[in-house]
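Here is what each chain is made of, one letter per residue.
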Amino acid sequence: MSETDNMTGDIVREKRPGLAKGLIFLVLLVLAVVAMLFGATLLRSVEGPKVAVNAPVPLTVSVRPVELTEAFTLQETYSGLAEARRTSQLGFSTGGRIEDIAVDVGDTVKAGQTLARLDTRGLRAQLVSAEAVVEEARAAHSLAMNTVGRQRRLSLQGHVSPQAVDEAEAQAGTALARVEAAKAQADILRVQIDLARITAPFDGVVTARTSDEGAIAGAGQPLLQLVETGHLEARIGLPAATAARLQSGEAYDLSADTGTVEATLRSVTGVIDPNQRTVAAMFDIANSGELASGAVVRLSMARDIDEPGFWVPVKSLSTASRGLWTVYVAAPVNGGFKVEPRPVEMVHTDGERAFVRGPVTEGELIIIDGLQRVVPGMLVEPRDSQQAATVNGG
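So, how was this worked out
- Residues numbered from 1 in each chain as written.
- Predicted model: local features only at pLDDT ≥ 70, side-chain atom pairs only at ≥ 80, totals over all residues.
- Heavy atoms only, no water.
- Helix = DSSP H or I, 4+ residues; strand = E, 2+ residues; numbered from the N terminus.
- Contact = heavy atoms within 4.5 Å.
- Areas by Shrake-Rupley, 256 points an atom, 1.4 Å probe, with all protein chains shown as cover.
- Pairing = 2+ DSSP bridges.
- Axes fitted to C-alpha atoms, helices over the stretch in contact; angles between N-to-C directions.
- Core = buried A, V, L, I, M, F, W, Y, C linked by side-chain atoms within 4.5 Å.
- Buried < 20%, exposed > 50% of the residue type's maximum accessible area, 1.4 Å probe, protein only.

> Describe the overall build of the protein chain, listing the residues and the values that go with them.
Helix and strand content of the protein chain: six helices and 22 strands. Counting only contacts in the protein chain whose residues sit at least 6 apart along the sequence, the fraction spanning at least 24 positions is 73%. Accessible surface computed for the protein chain: about 25000 Å², of which carbon and sulfur atoms make up 54%.

Shown next as structure tokens:
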């Protein structure tokens, strides 16, 4: 290494902070600390640190006193349809051209009234021919009987043999059979002519029409639908235990959209529907003219539930584990009230309220609203919801 390099290294090692710089840094540090202390003194409250010395104000909650009961009556409603006892699809038993349809949809008809007819000119012509055959057969039979009479007289005189008498009687029997066959053929045509006319089997209203005059009707093809209006029946599905309480022949009130109708229980099937798990009860509706076919009817029945418990609003329940629910009680403590959870079991619910049972005593205050604002152990101020509603005019 050269002499120049040695001198450079010595110069570098000798460059260190001087005393003046150190004093300046120390003074700046002291000034910064003093400024921070001064600022903290200015920000400090004259009253000193605030410490909570008063208890928190209890939260006001709506409560309702518990009213225990050993049993309750449940009003159950079951729905069904009011339907016509008889509904028929009317058509012709034989095919042919439709000559006339005397009714339309919505028409009210009486039993025996003619509703539609086929063109029967061909059948009537065949009937005339068949009746002529009957007359011919009768004439042949009359001749055969006269022949039998003559043969019998000649046989008594010994002019003919018994064989001839037997042959005459056989021909007379054959002629009689031909008469009966001709009459039967004529009767068939008369029946066909009669079946070419549709008559109302009962009083009712026409609810459907599928063809018009001039169309060719097929054998058995539905042409009109007739719904009976004189008798309505209601089919209502009930639980088996409830259906067993009904008495055949007794009158029951069914409710409909048009009001209350009286119905008589005709029968209970006694067979549980595998899909609905209900038993069908059949009711005959007395004032069928006041109710339209297809209307919804309802049967209300009271059922006593022998379960101890109490009623609470559904909104006062919160879910718990293992199928239970929780209600919150405003329990008295040290002159005030605090929130205590109580597990309960739901026995029945009817929409807005529920019947529950659990470790709650008579008169305890159930918190019925604002459960999202309370926690167990929280201090609350109860307010009777019923009294508050009365004061406010509710």
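More follows now that the structure is in view.
> Provide a residue-level description of the side chain of Gln151, including the pertinent values.
Residue position: Gln151 is located in helix α3 (residues 121–156). Apart from the residues lying within four places of it in its own chain, the contact partners of Gln151 are Val160, Ala164, Val165 and Ala168.

> Before we move on, could you go through the sheet that holds strand β14 (residues 279–285) and cite the residues and values that matter?
Read around the closed barrel, six strands run β2-β11-β14-β13-β12-β15, paired in antiparallel fashion. Ignoring strand direction, the axes of neighbouring strands in this sheet form an average angle of 40 degrees. Pairing analysis gives two bridges linking strand β12 (residues 251–256) to strand β15 (residues 296–305), with the strands arranged antiparallel. From the neighbouring strand, Ser255 faces β15, where its bridge partner is Arg298.

> If you had to explain the nonpolar core to someone new, which residues and values would you point to?
Core analysis: the biggest nonpolar cluster contains 24 residues, and Leu254 and Phe283 have the highest contact counts within it. Elements supplying a minimum of two residues to this core: β2 (72–84), β11 (232–238), β12, β13 (259–272), β14 and β15. Ignoring any residue separated from it by four or fewer positions in sequence, one finds Leu254 in contact with Ala234, Ile236, Gly259, Thr260, Val261, Ala263, Phe283, Val297, Arg298 and Leu299. Among the nonpolar cores identified, the runner-up in size contains 18 residues, and Leu90, Ala116, Ile198 and Phe202 belong to it.

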